Amino acid sequence: MATKKSPPAKKATAAASAAPAKKAPAKAAAAKAAPAKAAAKTAAKAAPVKAAPAKAPASKAPAKAAAKAPVEKAPAKSSQHFDKKFLESQRLLLLSERDNYEIQSEALLAEARSLTENRESGDVQFDEESGEGDTLAVERERDLTLSAQARAAMEEIDAALQRMKDDTYGICKHSGLPIPRERLKAIPFATERVEFKVGGFTRR
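Conventions adopted
- Within each chain, residue numbers correspond to sequence positions counted from 1 in written order.
- Per-residue local features are limited, in this predicted model, to residues with pLDDT of at least 70; the limit for side-chain atom pairs, both in listing and counting, is 80 or more; totals at the level of whole chains, interfaces and linings are taken over all residues.
- Only hydrogens and water are set aside when side-chain values are computed; all heavy atoms of the structure are taken into account.
- Helix and strand definitions follow DSSP, with helices as H or I runs of at least four residues and strands as E runs of at least two, each counted in order from the N terminus.
- Burial classes follow relative accessibility: with a 1.4 Å probe on protein chains only, a residue under 20% of its type's maximum area counts as buried, one over 50% as exposed, and anything between as partly exposed.
- The contact criterion used is simple: two residues touch if any of their non-hydrogen atoms lie within 4.5 Å.
- Think of a nonpolar core as a cluster: buried Ala, Val, Leu, Ile, Met, Phe, Trp, Tyr and Cys residues, connected wherever their side-chain atoms sit within 4.5 Å.
- Any Lys or Arg side-chain nitrogen located within 4 Å of an Asp or Glu carboxyl oxygen qualifies as a salt bridge.

A. Spotlight on the overall build of the protein. Each helix and strand in the protein was counted, giving six helices and zero strands. Considering the protein as a whole, with its 204 residues, one finds that 21% of them fall into the buried category. Contacts in the protein between residues far apart in sequence, at least 24 positions, make up 62% of those at least 6 positions apart.

See below:
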């Protein structure tokens, strides 16, 4: 009986020896997968990291605009360029000139009125030969014009006196620069420097 059972044992041994042979391909597959995983890790390390998107410099734009914006300068003051003695002498000069213009204005206005009041329609011949009517009319218009100009000068003097109170006397209204003293002495109510002067009756 023992001799008959020996062949199955050989079969079992053969089966056992054949089993490890089947597991070999699995190890080879694992061995092949290992380099692939290593390559994947290396590629992952070598891949460049995407930088975060830079923020738009919107907040910096107002700062630049503010830096370029012109800084407003404070208006110049008389006291910064002229001493008290000079300003006081100019004030007295303005008052003196105002009195003169007022006298001139009133005298011219009175003369213009006298030309109208003393003339009667029958006393003057309004013809081309005598020309007396035209002469009186021209004189009257001239007196009225000069009187109005004197009044305008008085208004400019009043404005100059107000600028003294505001501490802006002698400052050019166009450039903000001080008017030279020589010009102010000649024209005490000047409002602009010579380079900005515009022609007119009043001395500015």
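B. Expanded view of the nonpolar core. The biggest cluster of nonpolar side chains holds 19 residues, and the ones touching the most others in it are Leu94, Tyr101, Ile157, Tyr169, Leu184 and Phe189. Taken together, the elements giving at least two residues each to this core come down to helix 4 (84–118) and helix 5 (132–166). The element best represented in this core is helix 5, accounting for seven residues. Setting aside residues up to four positions removed in sequence, Tyr169 forms contacts with Ser78, Phe82, Leu87, Gln90, Leu94, Ala160, Arg163, Met164, Leu184 and Pro188.

C. Molecular detail of the pattern of salt bridges. A complete count under the given rule lists seven salt bridges for this structure. Arg98 serves as the salt-bridge partner of Glu102, at 3.6 Å between the closest nitrogen and oxygen. Of this pair, Glu102 and Arg98 both sit in helix 4, four residues apart, roughly one helical turn. Take Glu102: its relative accessible area is 27%, and that puts it in the partly exposed class. On the basis of relative accessible area, Arg98 is assigned to the partly exposed category, the value being 22%. Three or more residues joined by partner-sharing salt bridges are found here, namely Arg98, Glu102 and Asp158.

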